[in-house]
Amino acid sequence: EIVLKDYSFTPSELEVPAGITTFEVRNEGDTNHELAFLPGGGAVPMKDGAPDEAALEEAGAFELEGFGPDTTCNGTWDLEPGTYAMFCIIETDEGTTHYMEGMQGTLTVTKS
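Conventions and cut-offs
- Residues numbered from 1 in each chain as written.
- Predicted model: local features only at pLDDT ≥ 70, side-chain atom pairs only at ≥ 80, totals over all residues.
- Heavy atoms only, no water.
- Salt bridge = Lys/Arg side-chain N within 4 Å of Asp/Glu carboxyl O.
- Helix = DSSP H or I, 4+ residues; strand = E, 2+ residues; numbered from the N terminus.
- Buried < 20%, exposed > 50% of the residue type's maximum accessible area, 1.4 Å probe, protein only.

On to the pattern of salt bridges, then. Scanning the model with the defined rule gives three salt bridges in all. Measuring nitrogen to oxygen at the nearest pair gives 3.9 Å for the salt bridge that ties Lys5 to Glu28. Of the two residues, Lys5 is situated in strand 1 (residues 2-5) and Glu28 in the loop between strand 4 (19-27) and strand 5 (33-39); the sequence distance between them amounts to 23 residues. Of the charged contacts, one joins Arg26 and Glu28 as a salt bridge, the two residues approaching to 2.7 Å between their closest N and O atoms. Given the relative accessible area of 24%, Arg26 is considered partly exposed. Overall, the relative accessible area of 39% leaves Glu28 in the partly exposed class.

Set out below in structure tokens:
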């Protein structure tokens, strides 16, 4: 289970075994949020002050599309061992992103 808030993940550090994994994701924030992962970990690539969607796609990022407050969604992926950056790049009304506001964490996938 992962809880999304304004602007954090709980837990922000996850560890799961490799293979097919389903996350139950609950948005307890006041705005839409998404759950995205970037294989290899590290910083989300930026371009002109915003996350670079093309670079994310090229790097193999995947996501559970944004969804509204008081909603629970499931995301299922076949995960390979390694470290993944966990983030939300929905834009704020102030022109930043949730990622830039601190909505980031780490997923570690261990060998099964």
